[in-house]
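Structure at a glance
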Amino acid sequence: IETMGGLVEKVIPRNTAIPVAKAQDFTTYKDGQTAMAIHAVQGERELVDQNRSLARFELRGIPPMAAGAARIRVTYAVDADGLLTVTAREESTGVETEVEVKPSYGLGDDEMAEMLRDSMVNARADMTLRLLTEARVEAERMLIAFDAAREVDGDLLGDDERAEIDAFVVGLRELMTGEDRDAIGDATEAFNALTEPFAGRRMDKQIRGALTGVAIDDLGIQPEGDNA
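Residues numbered from 1 in each chain as written. Predicted model: local features only at pLDDT ≥ 70, side-chain atom pairs only at ≥ 80, totals over all residues. Heavy atoms only, no water.

**Description of the packing of helix α3 (residues 159-176) against helix α4 (residues 181-211)**
- At a minimum axis separation of 10 Å, α3 and α4 run at an interaxial angle of 155°. When the axis of α3 is compared with that of α4, the two are roughly antiparallel. Crossing of α3 over α4 shows left-handed handedness. Across the interface between the two elements, Glu161, Glu164, Ile165, Phe168, Val169, Leu172, Leu175 and Met176 from α3 touch Ala183, Ile184, Ala187, Thr188, Ala190, Phe191, Leu194, Thr195, Pro197, Phe198 and Arg201 from α4.
- Grouping the amino acids of the contact of α3 with α4 by side-chain chemistry returns 14 nonpolar, two polar and three charged. (Axes fitted to C-alpha atoms, helices over the stretch in contact; angles between N-to-C directions. Helix = DSSP H or I, 4+ residues; strand = E, 2+ residues; numbered from the N terminus. Parallel < 35°, antiparallel > 145°, perpendicular 65-115°, else oblique. Left-handed = near helix turned anticlockwise from the far one by under 90°. Contact = heavy atoms within 4.5 Å. Nonpolar A, V, L, I, M, F, W, Y, C, P; charged D, E, K, R; others polar.)

Below you can see the structure in the form of structure tokens.
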């Protein structure tokens, strides 16, 4: 199945006996995301464009939540006749959709041998590119999350703090266009540390808002010095 950045997550490995059904959980990438595109592929490589596309469909009706909060279970089932059914289900609502891929999509022996040969020849390069892509995806995820937070609570940022973060973002995006995954990963961690005070102030604000008008007795908290 295709994941962010054009990567491939393997669900059913080659040479698995059929019939078989395997499920894996995925989640959303952006805050408020209400739909997910599902792309099933066949092959041995690490990037989706290096594999063979089988089917595409969309799961709609995902409740709008923070990125990473939704739980989407994707099930791949292959029956004894080779019919592949891909089902996507949002666990909290039960909303579900599926697609079938007929056995006529199967590969011939020569095609399978060529796919295996390509995967072995390119294994090291494929993994290097995968790790680089994962680093870029994680950096982009953090930048998107920060932009969404700043849109809501930008007033919690001081002018100097905002300028420092903006300058750091320019540098991080420059690194993301390069090939040094370690540098991207280090900069992503540094960005997380840089924005942590802002995240803390946002949390304090949310807690204060949630407690507005709530009495201490309602919280089950006893003031210090009172007898039990």
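The discussion continues.
**Digging into the environment of Ile62**
- Tracing the chain through its elements places Ile62 in the loop between β5 (52-60) and β6 (72-78).
- Setting aside residues up to four positions removed in sequence, Ile62 forms contacts with Thr28, Gln33, Thr34, Ala35, Met36, Ala70, Ile72 and Glu90.

**Focus: the layout of surface pockets**
- Space inside the largest pocket adds up to approximately 870 Å³.
- The set of elements that each furnish at least two residues to the lining of the largest pocket consists of β4 (35-42), β5, β6 and α1 (109-121).
- In terms of residue count, α1 provides more of the lining of the largest pocket than any other element does, three residues in total.
- When the residues that make up the lining of the largest pocket are grouped by side-chain class, the tally is 19 nonpolar, six polar and seven charged.
- Approximately 650 Å³ is the volume found for the second largest pocket.
- Forming the boundary of the second largest pocket are 22 residues, of which Thr3, Met4, Phe26, Thr27 and Tyr29 lie nearest the centre.
- Among the secondary structure elements, those contributing two or more residues to the lining of the second largest pocket are β1 (2-3), β4 and α2 (123-153).
- Residues of the lining of the second largest pocket, tallied by class, amount to 10 nonpolar, six polar and six charged. (1 Å grid on protein atoms, 1.4 Å probe; cavity = no way out; pocket = protein on both sides within 12 Å on 5 of 7 lines; lining within 4 Å. Points joined across faces, edges and corners; volume = space filled by probe spheres on them.)

**With respect to the nonpolar core**
- Judged by nonpolar contacts, the single largest core of 22 residues is most densely connected at Ile38, Ile72, Val74, Tyr76 and Val86.
- Where this core is concerned, the elements lending two or more residues are β3 (20-26), β4, β5, β6, β7 (84-90) and β8 (96-101).
- Each residue touching Val74, except ones within four places of it in the same chain, is listed here: Ile1, Lys22, Ala23, Gln24, Phe26, Ile38, Val86, Thr87 and Ala88.
- Formed by 17 residues, the second largest nonpolar core is a distinct cluster that contains Ile165, Leu172, Ile184 and Leu194. (Core = buried A, V, L, I, M, F, W, Y, C linked by side-chain atoms within 4.5 Å. Buried < 20%, exposed > 50% of the residue type's maximum accessible area, 1.4 Å probe, protein only.)

**So, the environment of Leu175**
- Relative to the helices and strands, Leu175 is located in helix α3.
- Taking the C-alpha atoms as reference points, Leu175 and Ala187, separated by 12 residues in sequence, lie 8.3 Å from one another.
- Contacts of Leu175, omitting those with residues within four sequence positions, involve Ala183, Ile184 and Ala187.

**Let's talk about a nonpolar patch on the surface**
- Judged by side-chain polarity, Met203, Ile207 and Leu211 come together as a nonpolar surface patch covering roughly 280 Å² of accessible area.
- With respect to the helices, strands and loops of the structure, Ile207 is situated in helix α4. (Patch = residues over 30% accessible without salt bridge, like charges linked within 9 Å, V, L, I, M, F, W, Y side chains within 5 Å. Areas by Shrake-Rupley, 256 points an atom, 1.4 Å probe, with all protein chains shown as cover. Salt bridge = Lys/Arg side-chain N within 4 Å of Asp/Glu carboxyl O.)

**Quick notes on the sheet that holds β6**
- Pairing within the open sheet is antiparallel, and its four strands lie in the order β3-β6-β7-β8. Across the chains shown, the open sheet's two edge strands, defined by having one partner strand only, are β3 and β8. The average undirected angle you get between the axes of adjacent strands in this sheet is 15°.
- Bridge analysis of β7 against β8 gives six bridges, and the strand direction is antiparallel. Paired with Leu84 across the strands is Val101, a residue of β8. (Pairing = 2+ DSSP bridges.)

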